[in-house]
Amino acid sequence: MEGFPADNEIQAKIDWDAIEALETLADIEGSGAVDVRRISGTRRPAGTRLTLSPLRRQWRDRDRERFFEEVATLTPPDVLLEPLESVLASPHLLERLTVRDERRAGGFQVSYRGDLALSEGDLPAALASASWIIEIDCKKEERRLRIAVTPTRRTLAEYGNAEGFVLDRPLGGNDPAVGFQARILQMSNAQWPKRYQGVRVYYEGFRVLPYGDPRDDWLELDRDYRSRGHQELGRLRSRSAWNLPAGSEKEGLAIQGNTAFFGAVLLTRSGANELQMLVNREGFLPGDQFTFIEETVRLAIDLQVRLRYATTSEVKQARQLVGGRQQRSARRAAAGQSPSAYLLRELHQTAQTALTNARTAISAGRSTDARNQLEQLEQTLGSATDLSDEVTSEATMFRVLASIGLEHAAFVHEVRSLSLAAQTLADTLERLANAERDARKARQLRAIAVNAKDIRERLRRNAIYLADVTGIEGRRRRSRQNLRERIERVLGFFERSIARRRVDVRIDVSNTLQTPPLFPAELTAILSNLFSNAIKFAGNRGTVRISARELDDVFQVRVENSGIAVDLATAERWFEPFRSTTTEVDESLGQGMGLGLTITRSLIDEYGGSIRFVPPSSSQATAIELELPRR
């Protein structure tokens with residue numbers, strides 16, 4: 001630690017080996033085991049430098065990691081003190097955070113050097129990963145409390161409806177006179193690195209244990225996360241007179257544990273002078289001041305939970321509403337009818353019935369009944385308009401793809417003809433090779449025959465795949481299909497790319513597992529889009545893992561791959577049209593158009609299912625999971 005210039009310097013050397021050779025601590029004096037010298041007039045920066053040598057044993061990576069976990073948050077990490085303009089679209093509360101009472105210029109800085117230096121890889125990309133920023137500024141002299149909860153640019157990009165909130169109010173008469181600041185970064189779909197998880201307390205710029213340690217739940221976040229339920233947050237409900245954002249009976253489900261938060265509570269002597277540390281410096285004595293700090297920090301976090309739930313629940317409720325509607329339609333529709341087509345016909349019949357009933361009521365002079373029927377008709381037509389808009393927007397994008405599909409349907413016959421021609425050519429070349437007396441020419445003819453057979457096999461494989469997708473049988477009737485057989489059939493189309501890239505593909509799917517009723521062409525398209533992405537991004541000598549299982553109500557398929565990880569916080573954007581990141585052209589994987597996941601989600605939405613990126617298993621980088629209702 002280095003700070004402002006000092007007039008005097010004290011150098012101390014402790015020989016622990018010599019101390020251990022003594023019988024009692026009283027023997028240290030005069031033994032030479034401890035040497036202390038005072039040097040005047042140095043004017044060197046004040047502070048403490050510790051040098052450990054020689055080490056009794058060489059530190060292993062595990063030892064270094066344990067050391068880093070202890071010291072990485074000894075002082076507030078710089079990332080918590082940096083300006084926020086790069087991640088926030090709106091002004092933030094704290095332009096400058098007060099870490100300590102700086103009576104003299106210079107301050108303090110802690111640096112780790114040599115083998116114990118913290119590398120860039122040990123520091124979190126905190127601001128870039130944060131979803132919400134929580135800031136607290138409690139002014140002791142002004143007796144005023146301000147709390148700001150703000151969505152980051154990342155959150156606004158994913159949820160355009162996200163809104164922040166600023167609480168600005170005087171402290172109550174019963175509130176203790178205490179001043180402090182805090183900044184906490186929240187992450188929605190992942191966890192902070194282990195050593196930075198939790199909200200820590202700093203007094204005059206140095207960490208106060210145990211607050212924020214992995215096993216210390218001083219804000220009761222982990223406890224509430226384990227017991228969360230359908231309930232409005234109690235701290236916010238008790239302060240309903242503060243004009244806080246409206247709550248919800250289910251917002252308690254959105255509570256997160258300490259792993260989702262990375263933050264610092266900054267205390268100074270002047271702001272929190274009545275706080276008393278325990279004798280062993282392990283925390284503060286219980287009292288009104290620290291209780292006020294605990295409650296205020298937790299209040300700010302609960303406010304963030306409420307705002308986040310309001311932001312995401314609107315989108316989730318909309319998807320659940322559509323998903324439930326499509327599930328009901330999928331159960332009722334005939335085997336040869338799409339759920340959306342059935343739903344439109346059902347809405348049409350409901351509208352006709354309401355119109356007939358309204359006419360009957362008008363003829364009989366029952367104006368109230370007629371008005372009720374007309375209101376029902378209006379709601380039904382509104383639902384039909386919404387569904388029509390959804391279908392039309394997709395149809396506009398897919399029409400070109402559909403026209404290409406028609407060309408494929410015609411082209412599949414040409415592919416089969418070419419496949420037969422390639423086989424005939426191979427047979428002819430082999431006969432010529434057998435009749436050729438010149439050994440060199442015979443070898444050449446046989447090599448050409450092998451290439452012709454390879455061309456024939458590739459054409460046959462493509463013809464089978466195209467027939468599955470564009471053939472009449474593939475879209476005539478929905479049926480339960482053997483998933484493993486369909487997976488192996490689709491993977492056959494990518495066989496050459498898998499072999500060239502040396503990708504290890506493993507299938508963990510039972511031979512008896514049956515899908516819910518689907519059109520075969522739909523299942524082929526879904527699997528093709530997922531597999532092509534996984535193989536493409538697994539990288540050379542990468543891995544792809546395919547698994548599936550049946551749960552109580554859903555049929556679940558997961559595809560994982562090695563390579564570069566997908567950021568779960570922004571993963572939804574990859575379902576948007578034309579979001580491809582590849583320019584490579586592969587003979588079977590193709591060049592990404594950015595429509596594969598868009599089409600896949602559309603097909604799954606048709607049945608009221610879901611598809612999303614999820615945390616991968618430990619050996620993989622990316623995982624995508626789809627679920628379909630079992631019935």
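Located above this text is the structure these notes cover.
Everything numeric here is computed off the predicted structure, so don't read it as measured data.

Caption draft 1: Spatial organisation of the pairing of strand β16 (residues 622–629). β16 sits mainly inside the fold: eight of its eight residues count as buried. Burial along β16 is two-sided: Thr622, Ile624, Leu626 and Leu628 facing one way and Ala623, Glu625, Glu627 and Pro629 facing the other are all buried. With eight bridges joining them, strand β14 (residues 554–561) and β16 adopt antiparallel strand pairing. Bridge pairing links Arg558 to Glu625 in β16.

Caption draft 2: Just the nonpolar core, in detail. Core analysis: the biggest nonpolar cluster contains 47 residues, and Val265 and Leu267 have the highest contact counts within it. Tallying contributions element by element places helix α8 (residues 288–332) first for this core, with 11 residues. Residues within four places of Leu267 in sequence aside, it is in contact with Val99, Phe180, Val201, Tyr202, Tyr203, Glu204, Ala272, Leu275, Phe284 and Ile293.

Caption draft 3: Geometry of the packing of helix α12 (residues 483–493) against helix α14 (residues 520–538). Between α12 and α14, whose axes approach to 10 Å, the crossing angle comes to 55 degrees. Judged by the inter-axis angle, α12 sits oblique to α14. For the element pair α12 and α14, the recorded crossing hand is right-handed. Two secondary-structure elements touch here, α12 through Leu483, Arg486, Ile487, Val490 and Leu491 and α14 through Pro520, Leu523, Thr524, Leu527, Ser528 and Phe531. Within the contact of α12 with α14, the residues separate by chemical class into eight nonpolar, two polar and one charged.

Caption draft 4: Region of the structure containing helix α2 (residues 61–71). Those residues of α2 lying buried are Asp63, Phe68 and Val71. Along the axis of α2, the buried residues cluster in a sector spanning 135 degrees; they form a single face. In this structure, α2 carries Asp61 and Arg62 as exposed residues pointing more than 90 degrees from its buried face.

Caption draft 5: Up close: the sheet that holds β16. Reading across the sheet, the five strands line up as β12-β13-β14-β16-β15 and stay open at both edges, with mixed pairing between neighbours. Across the chains shown, the open sheet's two edge strands, defined by having one partner strand only, are β12 (504–508) and β15 (610–614). Adjacent strand axes in the sheet meet at a mean angle of 15 degrees, parallel and antiparallel pairs treated alike. Looking at chain direction, β15 and β16 are connected through five bridges and run antiparallel.

Caption draft 6: Region of interest: the pairing of β12. In the sheet, β12 pairs with strand β13 (residues 543–550) via five bridges, with the strands oriented parallel. By the bridge assignment for β13, Val505 is matched with Val544. In this fold, β12 hands off to α14, which returns the chain to β13; that crossover is left-handed.

Caption draft 7: Main features of the pattern of salt bridges. This structure, assessed with the given rule, holds 23 salt bridges. Across the pair Arg269 and Glu204 runs a salt bridge whose closest N-O atoms are separated by 3.6 Å. Separated by 65 residues along the polypeptide, Arg269 in the loop between β11 (261–267) and α8 and Glu204 in the loop between β9 (198–203) and β10 (206–208) bring together distant segments of the chain. When its relative accessible area of 43% is taken as the criterion, Arg269 is described as partly exposed.

Conventions we followed
- Residues numbered from 1 in each chain as written.
- Predicted model: local features only at pLDDT ≥ 70, side-chain atom pairs only at ≥ 80, totals over all residues.
- Heavy atoms only, no water.
- Buried < 20%, exposed > 50% of the residue type's maximum accessible area, 1.4 Å probe, protein only.
- Helix = DSSP H or I, 4+ residues; strand = E, 2+ residues; numbered from the N terminus.
- Pairing = 2+ DSSP bridges.
- Core = buried A, V, L, I, M, F, W, Y, C linked by side-chain atoms within 4.5 Å.
- Contact = heavy atoms within 4.5 Å.
- Axes fitted to C-alpha atoms, helices over the stretch in contact; angles between N-to-C directions.
- Parallel < 35°, antiparallel > 145°, perpendicular 65-115°, else oblique.
- Left-handed = near helix turned anticlockwise from the far one by under 90°.
- Nonpolar A, V, L, I, M, F, W, Y, C, P; charged D, E, K, R; others polar.
- Arc of directions from axis to C-beta.
- Right-handed = clockwise from strand over helix to strand, strands pointing away.
- Salt bridge = Lys/Arg side-chain N within 4 Å of Asp/Glu carboxyl O.

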